[in-house]
Protein chains: 2
Amino acid sequence: LGAVSEMKVLSVLMTRDSSSFETFAMQSIRVEVAGIPGDRHYGLLRPADGRQKLYPRGTPIANRRQISIVSAEECARIANSLGVPSIRPEWLGANVLVSGAPALSALPRGARLLFSGGTGLICEGENLPCVGPGELVERALGRSGLRSAFVQAAMGRRGIVCSVEKEGMLAPGETVRVAEGS
Amino acid sequence: LGAVSEMKVLSVLMTRDSSSFETFAMQSIRVEVAGIPGDRHYGLLRPADGRQKLYPRGTPIANRRQISIVSAEECARIANSLGVPSIRPEWLGANVLVSGAPALSALPRGARLLFSGGTGLICEGENLPCVGPGELVERALGRSGLRSAFVQAAMGRRGIVCSVEKEGMLAPGETVRVAEGS
């Protein structure tokens with residue numbers, strides 16, 4: 001946990017609607033126990049997908065993947081691996097871009113992220129790369145082959161998904177304290 | 001996880017209202033993502049207490065302690081330690097009494113409990129003993145001193161608290177499969 005002790009929020013983002021997971025930077029976002037109102041991943045329940053093998057696909061289960069966080073350092077490493085100028089948080093569908101977290105994706109499940117504005121999130125583990133963001137990356141940078149290369153390059157650098165412990169607002173400039181789960 | 005592979009539901013219980021945490025056996029209970037409707041611990045949010053030191057007491061935070069589960073084997077060990085005939089799940093405010101789980105309280109956080117009726121719960125860790133149940137035990141058995149002796153005797157045997165992953169009904173006779181978190 002010490003490795004991410006200087007975390008700061010660079011930007012906050014949300015989807016425009018539920019048709020695409022591409023996110024767009026906002027001045028601030030509201031975070032509720034069910035997620036970010038209006039965002040594609042908002043909801044107390046969501047259908048189980050291939051990552052939840054305990055339930056048949058489509059079974060409504062508790063949604064613990066409302067908020068996606070990526071770090072500037074890990075995005076830079078993905079870009080470097082792919083040989084592209086940058087990887088934007090928008091293409092990853094991220095809701096929060098932070099700095100000061102070169103090993104954000106390794107943050108243990110159950111770790112708490114306490115934002116200086118009062119909002120509190122629970123780390124639910126690494127966000128496993130899928131082809132969706134790769135498609136956005138390939139389209140944005142106009143180079144074929146990036147789609148599948150992205151999955152490889154993003155492994156272990158794709159950031160984390162979080163659920164909400166303490167509701168509130170999130171905005172750029174906030175600092176983040178990381179604590180063990182209670 | 002192997003130690004609890006033969007788990008079975010002996011009874012399901014809920015509080016009568018929110019004035020006491022004493023529970024009462026039911027034919028079945030409904031389990032929603034916010035908990036058991038009508039039960040004292042129902043709710044998406046609950047006020048932080050002394051166990052959540054990251055937030056000032058009373059701060060509304062996500063409720064991940066809706067369902068309390070105890071095992072017949074651990075209750076028998078508590079009773080044996082105290083030298084009393086039995087410890088009833090009602091006195092502990094338990095919502096589910098299972099058999100076949102002599103080490104239920106050691107079930108790791110994040111483990112899944114998959115009930116044969118389709119309901120799925122997430123283990124949120126050991127339920128730390130407090131004086132509340134000890135008071136009920138002392139009153140029910142009419143022996144002074146049990147209140148504080150209970151806390152000692154119940155340590156590591158008090159069962160677990162769970163949140164809800166898959167909504168559904170719970171009833172006696174169901175079997176429970178324990179799986180690692182996904």
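Our structure's up above, just so we're on the same page.
The shown structure was predicted, so the numbers you read here are calculated from the model rather than taken from an experiment.

Asks: What should I look at first to understand the overall build of chain A in this one?
Replies: Tallying secondary structure elements over chain A gives 3 helices and 12 strands in all. For a compact globule of 182 residues, the expected C-alpha radius of gyration is about 16 Å, and chain A comes in at 15 Å, within 12% of that figure. Overall, chain A is about 45 × 40 × 30 Å in size when its C-alpha atoms are taken along their principal axes. Relative to its 182 residues, chain A shows a buried fraction of 52%.

Asks: I keep staring at the pairing of strand E12 (residues 175-179) of chain A and nothing clicks. Help me out?
Replies: Moving residue by residue along a regular strand, the side chains alternate between the two faces of the sheet. All names here are of chain A. Sheet analysis places strand E1 (residues 7-15) next to E12, joined by 2 bridges and oriented antiparallel. Its bridge partner being in E12, Met7 is matched across the sheet by Val176. In this structure, strand E8 (residues 112-115) lies alongside E12, joined through 4 bridges in antiparallel fashion. When the bridges of E12 are listed, Phe115 appears paired with Val176.

Asks: Would you take a moment to explain helix H1 (residues 72-82) of chain B for this structure?
Replies: One full turn of an α-helix is made of 3.6 residues, so residues set three or four places apart face in the same direction. The complete set of buried residues in H1(B) reads Glu74(B), Cys75(B), Ile78(B), Ala79(B) and Leu82(B). Buried residues of H1(B) fall within an arc of 145° about the axis and therefore sit on the same side.

Asks: In this structure, what is going on with the relation of the copies chain B and chain A? I would like to understand it.
Replies: Turning one copy of the chain about an axis and sliding it along that axis gives the other copy, so a rotation and a shift relate them. Expressed as a screw operation, the relation of chain B to chain A combines 0.0 Å of axial shift with a rotation of 180°, fitting to an RMSD of 0.0 Å. Such a combination of rotation and displacement between the chain copies is what one expects of a two-fold axis. When the interface residues of chain B are mapped onto chain A, 100% of them are again interface residues, pointing to one common binding face.

Asks: It is not clear to me how the packing of helix H1 (residues 72-82) of chain A against helix H3 (residues 146-154) of chain A should be interpreted in this structure. Could you clarify?
Replies: Packed helices, taken two at a time, are described by their axes: the angle between them and the distance between them. All names here are of chain A. Interhelical geometry of H1 versus H3 gives an angle of 130° and a closest axis separation of 9 Å. When the axis of H1 is compared with that of H3, the two are oblique. Between H1 and H3 the crossing geometry is right-handed. Note on element contacts: H3 touches H1 through Leu146, Ala149, Phe150, Ala153 and Ala154, opposite Ile78, Ser81 and Leu82. Partitioned by chemical class, the residues of the contact of H1 with H3 number 7 nonpolar, 1 polar and no charged.

Asks: Looking at this structure, how should I read the state of the cysteines?
Replies: Residues and elements named next belong to chain A. Across all of its chains, the model carries 0 disulfides over all chains by this definition. Considering cysteine sulfurs only, Cys123 is the nearest to Cys162, which forms no disulfide, with 5.3 Å between them. Residue Cys162 is classed as buried on the basis of its relative accessible area of 0%.

Asks: What should I look at first to understand a nonpolar patch on the surface in this one?
Replies: The grouping of Leu44(A), Leu45(A), Leu44(B) and Leu45(B) at the surface amounts to a nonpolar patch, some 260 Å² of accessible area in total. Secondary-structure assignment places Leu44(A) in the loop between strand E3 (29-31) and strand E4 (45-47).

Asks: Is there a simple way to think about the packing of aromatic side chains in this case?
Replies: Any pair of aromatic rings gets described here by the distance separating the centres and the angle formed by the planes. Using the criterion set out here, one finds 0 aromatic pairs over all chains in the structure. Sitting above the plane of the Phe24(A) ring, Arg16(A) keeps its charged end 3.5 Å from the centroid.

Asks: Can you help me understand the environment of Ser81(B) in this one?
Replies: All names here are of chain B. Inspection of the secondary structure assignment puts Ser81 in helix H1. Measuring from C-alpha to C-alpha, the distance between Ser81 and Ala154 comes to 8.7 Å, with 73 residues separating the pair along the chain. Residues within four places of Ser81 in sequence aside, it is in contact with Ala153 and Arg157. In terms of polar contacts, Ser81 uses its side chain to reach the side chain of Arg157, at 2.7 Å.

Asks: I'm lost on the side chain of Arg158(B) in this one. Help?
Replies: Residue and element names in this part refer to chain B. Along the chain, Arg158 falls in the loop between helix H3 (146-154) and strand E10 (160-166). Here Arg158 is buried and forms no salt bridge, its nearest opposite-charge partner Glu126 lying at an N-O distance of 8.6 Å. Looking at Arg158, its side chain comes within polar contact range of the main-chain oxygen of Leu92, at 3.0 Å. When neighbours within four sequence positions are excluded, Arg158 is seen to be in contact with Ser68, Ile69, Val70, Leu92, Ser105, Asn127, Leu128, Pro129, Pro133 and Phe150.

Asks: Whenever I open this one, the side chain of Glu124(A) confuses me. Can you help?
Replies: Residues and elements named next belong to chain A. Tracing the chain through its elements places Glu124 in strand E9 (residues 120-126). Judged by its relative accessible area of 16%, Glu124 is buried. Side-chain polar atoms of Glu124 contact the side chain of Ser163, separated by 2.6 Å.

Asks: Looking at this model, I keep getting lost on the pattern of salt bridges. Mind explaining?
Replies: Pairs can form between side chains of opposite charge whenever their charged atoms are close. Summed over the entire model, instances satisfying the criterion amount to 14 salt bridges over all chains. The partner of Glu124(B) in a salt bridge is Arg64(A), and the shortest N-O contact between them spans 3.5 Å. Of this pair, Glu124(B) sits in strand E9 (residues 120-126) while Arg64(A) sits in the loop between strand E5 (60-62) and strand E6 (67-71), which puts the two residues in different chains. Grouping residues by exposure puts Glu124(B) and Arg64(A) together as buried. Between Arg30(B) and Glu167(B) there is a salt bridge, with its nearest N and O atoms 4.0 Å apart. Pair noted here: Arg30(B) is in strand E3 (residues 29-31) and Glu167(B) is in the loop between E10 and strand E11 (168-170), with a separation of 137 residues, a long-range link. Under the relative-accessibility criterion, Arg30(B) is labelled partly exposed at 35%.

Each value, and the rule that gives it
Residues numbered from 1 in each chain as written. Chains lettered and ligands numbered in written order. Predicted model: local features only at pLDDT ≥ 70, side-chain atom pairs only at ≥ 80, totals over all residues. Heavy atoms only, no water. Helix = DSSP H or I, 4+ residues; strand = E, 2+ residues; numbered from the N terminus. Rg over C-alpha atoms; globule rule 2.2 N^0.38 Å. Buried < 20%, exposed > 50% of the residue type's maximum accessible area, 1.4 Å probe, protein only. Pairing = 2+ DSSP bridges. Arc of directions from axis to C-beta. Least-squares fit on C-alpha atoms with pLDDT ≥ 70 in both. Contact = heavy atoms within 4.5 Å. Axes fitted to C-alpha atoms, helices over the stretch in contact; angles between N-to-C directions. Parallel < 35°, antiparallel > 145°, perpendicular 65-115°, else oblique. Left-handed = near helix turned anticlockwise from the far one by under 90°. Nonpolar A, V, L, I, M, F, W, Y, C, P; charged D, E, K, R; others polar. Disulfide = S-S within 2.5 Å. Patch = residues over 30% accessible without salt bridge, like charges linked within 9 Å, V, L, I, M, F, W, Y side chains within 5 Å. Areas by Shrake-Rupley, 256 points an atom, 1.4 Å probe, with all protein chains shown as cover. Salt bridge = Lys/Arg side-chain N within 4 Å of Asp/Glu carboxyl O. Phe/Tyr/Trp six-rings, centres within 6.5 Å; stacked < 30°, edge-to-face > 60°. Lys NZ or Arg CZ within 6 Å of the ring centre and 35° of its normal. Polar contact = N/O pair within 3.5 Å; in protein donor to acceptor, adjacent residues only side chain to side chain. Lys, Arg positive; Asp, Glu negative; His and termini not counted.

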